[in-house]
Amino acid sequence: MQSKSLATRVAEYACSSENAFKELIHCYLSEDHKLAQRAAYSLSIAARKKIDLMQPYVGILVDQLKRNDVHDAVIRNSARILEEIEIPEQFHGEVMDACFGFIQNRQTAIAIRAFSLTILYRLSLIYPEIKNELCYIIVENIDYETAAFRSRGTKILAALNKKTK
């Protein structure tokens with residue numbers, strides 16, 4: 001059974017060495033959907049504890065965003081990690097494409113969409129040319145969205161408007 005305490009224990013083990021972390025990555029990439037789903041939660045906990053161990057695997061996180069044959073938990077936790085780390089420049093385009101796709105698709109789980117908003121906001125600080133598109137999507141959809149999207153979207157709009165003044 002998956003639980004927060006079990007996921008945390010797995011994450012702590014993964015943080016004990018590079019090899020243990022690599023084992024968790026292997027589980028995260030498993031074809032066994034349940035194993036990958038459970039590993040994704042532990043991976044997000046481990047990444048927050050030892051971000052340096054996650055850096056070599058950023059490309060894997062980006063690849064997971066583009067898949068449609070994995071459980072939402074895998075994509076959600078990939079986005080959660082990417083929201084919190086410095087994404088290497090070589091992945092910026094792929095991440096922006098994936099995140100814009102997520103925030104425009106109401107069928108995408110709200111957590112994935114909320115994390116995508118934050119990722120896009122952070123990338124807009126590097127690429128100001130995406131600010132208008134991000135603002136437009138938020139403004140056009142905010143009245144039809146969930147509370148989580150509205151909350152995060154409102155904060156991002158305020159931050160973007162503050163930056164442009």
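What counts, and at which threshold
- Residues numbered from 1 in each chain as written.
- Predicted model: local features only at pLDDT ≥ 70, side-chain atom pairs only at ≥ 80, totals over all residues.
- Heavy atoms only, no water.
- Phe/Tyr/Trp six-rings, centres within 6.5 Å; stacked < 30°, edge-to-face > 60°.
- Helix = DSSP H or I, 4+ residues; strand = E, 2+ residues; numbered from the N terminus.
- Buried < 20%, exposed > 50% of the residue type's maximum accessible area, 1.4 Å probe, protein only.
- Core = buried A, V, L, I, M, F, W, Y, C linked by side-chain atoms within 4.5 Å.
- Contact = heavy atoms within 4.5 Å.
- Salt bridge = Lys/Arg side-chain N within 4 Å of Asp/Glu carboxyl O.
- Arc of directions from axis to C-beta.

> Can you walk me through the packing of aromatic side chains in this structure?
Two descriptors summarise a pair of aromatic rings, namely the distance from one centre to the other and the angle between the planes of the rings. Under the definition given, this model contains 1 aromatic pair. With 5.9 Å between their ring centres and 35° between their planes, Phe-21 and Tyr-57 make a pair best called tilted. A residue pair is termed long-range when its members are at least 10 positions apart, and Phe-21 in helix H2 (residues 18-28) and Tyr-57 in the loop between helix H4 (51-54) and helix H5 (58-65) qualify at 36 residues. Grouping residues by exposure puts Phe-21 and Tyr-57 together as buried.

> Where do I start with the nonpolar core in this structure?
Nonpolar side chains in soluble globular proteins tend to be buried together. By size, the foremost hydrophobic cluster in this structure holds 56 residues, and its most contacted members are Phe-21, Leu-43, Met-54, Leu-82 and Leu-134. Contacts of Phe-21, omitting those with residues within four sequence positions, involve Ala-14, Leu-43, Ala-46, Leu-53, Met-54 and Tyr-57.

> Got a minute to help me understand the pattern of salt bridges in this structure?
Side-chain pairs of opposite charge can arise where the charged atoms are in close proximity. The full count for this structure, using the stated rule, is 7 salt bridges. Between Arg-67 and Asp-69 there is a salt bridge, and its shortest N-O distance comes to 2.8 Å. You can call Asp-69 partly exposed: its relative accessible area is 42%. Several salt bridges share partner residues, and in doing so they unite Asp-63, Lys-66 and Glu-94 into one network.

> Looking at this structure, how should I read H2?
Because each turn of an α-helix spans 3.6 residues, side chains separated by three or four positions end up pointing in the same direction. Looking at H2, one finds that the buried residues are Ala-20, Phe-21, Leu-24, Ile-25 and Tyr-28. End-on, the buried residues of H2 take up no more than an arc of 150°, which puts them together on one face. Projecting away from the buried face of H2 at angles above 90 degrees are the exposed residues Asn-19, Lys-22 and His-26. Elements in contact with the buried residues of H2: helix H1 (4-14), helix H3 (33-49), H4, H5 and helix H6 (72-84).

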